[in-house]
Each structure stands twice: as C-alpha cells, then as structure tokens.
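Okay, here's what each chain looks like letter by letter:
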Amino acid sequence: MRLVLLGPPGAGKGTQATRIVDRFCIPQLSTGDMLREAVTSSTASGLRVKHIMDRGELVPDDVVVSVIANRIDHSDAANGFILDGFPRTVGQAEALDRELAVRGIKLDAVLELEVDEDALLDRIRGRAEEAARKGEPVRRDDNPEVFKTRLEVYREQTAPVTEYYRSRGLLSIVDGLQPIDVVTEGLTACALAALPSHQIRSDVR
Ligand code: ADP
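Residues numbered from 1 in each chain as written. Predicted model: local features only at pLDDT ≥ 70, side-chain atom pairs only at ≥ 80, totals over all residues. Heavy atoms only, no water.

**Some remarks on the site of the ligand**
Using the following cut-off: Residues are labelled near a given molecule or strand when at least one of their non-hydrogen atoms is within 4 Å of it. For this analysis, a polar contact is any N or O atom pair within 3.5 Å, provided that within protein one partner can donate a hydrogen and the other can accept it, and provided that sequence-adjacent residues contribute only side-chain to side-chain pairs. Calculation of accessible area relied on Shrake-Rupley with a 1.4 Å probe; when residues are assessed, cover is drawn exclusively from the protein chains displayed. Every helix listed is a DSSP run of H or I at least four residues long, and every strand listed is a run of E at least two residues long, numbered separately from the N terminus.
Taken together, 19 residues form the shell around the ligand, and within it Thr31, Glu57, Gly85, Gln92 and Arg150 come nearest. Thr31 is positioned such that a nitrogen or oxygen atom in its side chain is 2.8 Å from a nitrogen atom of the ligand. Look at the ligand: alone it shows 550 Å² of surface, and the protein chains cover 95% of it. In terms of residues, the shell around the ligand owes the most to one element, helix 2 (residues 31-40), which gives four residues.

**Regarding the pattern of salt bridges**
Applied cut-off: In the sections that follow, a salt bridge refers to a side-chain nitrogen of Lys or Arg positioned within 4 Å of a carboxyl oxygen of Asp or Glu. The rule is simple: take the accessible area with a 1.4 Å probe, protein chains only, and divide by the maximum for that residue type; under 20% is buried, over 50% is exposed, in between is partly exposed.
The tally for this structure, following the rule as stated, stands at 17 salt bridges. Asp54 is paired through a salt bridge with Lys50; the nearest N and O atoms lie 2.9 Å apart. Here Lys50 and Asp54 lie together in helix 3 (residues 44-55), a separation of four residues that amounts to about one turn. Take Lys50: its relative accessible area is 27%, and that puts it in the partly exposed class. Where Asp142 meets Arg150, a salt bridge forms, and the shortest distance between an N and an O atom there is 2.9 Å. Taking the relative accessible area as the measure of exposure, Asp142 reaches 7% and is therefore buried. Residue Arg150 is classed as buried on the basis of its relative accessible area of 11%.

**Here we look at the sheet that holds strand 2 (residues 28-30)**
Which entries qualify depends on this criterion: DSSP bridges decide pairing: two strands pair if at least two such bridges lie between them. Angles shown run from 0 to 180 degrees and are taken between the N-to-C directions of axes, each axis being a line fitted to C-alpha atoms and, for helices, limited to the stretch in contact. When checking whether two residues touch, look at their non-hydrogen atoms; a contact exists if any pair is within 4.5 Å.
The parallel open sheet is built from five strands, whose spatial order is 2-3-1-4-5. Unpaired on one side and paired on the other, strand 2 and strand 5 (171-175) mark the two borders of the sheet. In this sheet, adjacent strand axes meet at a mean angle of 25° when their direction is disregarded. Here strand 1 (residues 2-6) runs beside strand 3 (residues 81-84); their pairing, made up of four bridges, is parallel. Bridging across to strand 3, Arg2 finds its partner in Phe81. Along the sheet, helix 2 contacts strand 2 and strand 3; its crossing angle with strand 2, the most-contacted strand, is approximately 60°.

Function cannot be inferred from these measures alone, as they are strictly geometric.
Right under this line is the structure:
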C-alpha cells in the first residue's frame, strides 16, 4: 500500500499517519521529521536547510526528493509506505512519479485532510501551549508568525498538488475537523477503496 497524505500544516497529518502505519503495517516517511533529524545531527543538508525551515519556507525540491528517494529503498518500505509532508510542490510530485516509475511501482492513493485556516491557527496555538505546559520543546516554526508563512506557502505551492493528483484519479478528501477516530476511519476507508480486492487481506491488520 503506497499512500500520500496531504493537508495544510496543523491538519493532523502526523497523528493520522501514525495510526495508518499501525493499520497497514507500513512505515511513515515524514520529510519534516527527516529534515529535523538532519538539522539536529548537523549533517551537510541539515545545515543547509535549518534557516529555511525556521522561516517556514520550503527547502529546495532536490534536497527533499533525494531524501525520499533514498528512504523508499530501505527494506521496511518494500511493501509500501505513507508519505507525510511530501510532495509539497508539483515539481516534487513529478519527481516522485519518476522515482517510483524507475522502481516499477506506483501510488495506490492520495488522501487529503481538509481543515479551514481558522481551525488551523487555533490548533497550532494549542499545540505550542501544550508542549510548553508539558515542558517539551516547542518547534521553532510553531509560532503564529511563522505559521502564517507556512500557510501561505501551502496555499501557493502545495495546494496545486491536490489538482495534480485529482486529475490522475488518485485523490480522496476527508474532513479533518471530525473527531480523530472518525478521521482515521475515513482515511482507512479511502485507502482500502483504492486497493484491488485480492490485496486487501494481505495488507490490512
Ligand atoms: P507541517 O507541520 O507544516 O506539516 P513538517 O514537519 O511536515 O511541517 O515540515 C516542517 C518544515 O520542513 C517545512 O515548513 C519545510 O521547511 C520543511 N519541509 C518538510 N517537507 C518538505 C518538502 N516536501 N519540501 C520542502 N520543504 C519541506
């Protein structure tokens, strides 16, 4: 099962991806997490992208495409994966298609979480407050100013990715404002609907 999870920042992609991982026994490939790891361990690409991420802008396509292309070759991704936070531009979506094609594989479905912007701003404030309350580190890009930039970037560069997949017949949209469990069920149902029936038994826990 090869999935892409789309949606604006703060839509709950991370939470839902974790649940889909359990359901389908596939790894979650989050470019945000991978890039943050690269920054923490001060690799060459980490040093290159730190300031871009802190500003809430997108790191260059070639950086994320090579991160993802390497990651999908790991053995745990042989039977599938869920991409979280990638692709974020039409250029990345095209590059992903090329990377999959050379491996003789393709996406089964693209699932989008739809959440309006006011709800997103409330959520992001809540996320930062909760982390601060628990004494956990607050993401440097989880403050209202940077978050506005992330939303603008999403509107301008990532929203067109929705159309890219819609026109290829791969897109399903789920209302991300519903309770968490209901969203998970909605996403799971869309993913299952995209699978050929003979594959369902072997892919689902
Ligand atoms: P969000 O909560 O906004 O979905 P992520 O954890 O997915 O955040 O990403 C955090 C930051 O990492 C982004 O704002 C961007 O700077 C960078 N990033 C992550 N994925 C990509 C990508 N596919 N293309 C470009 N930049 C990315």
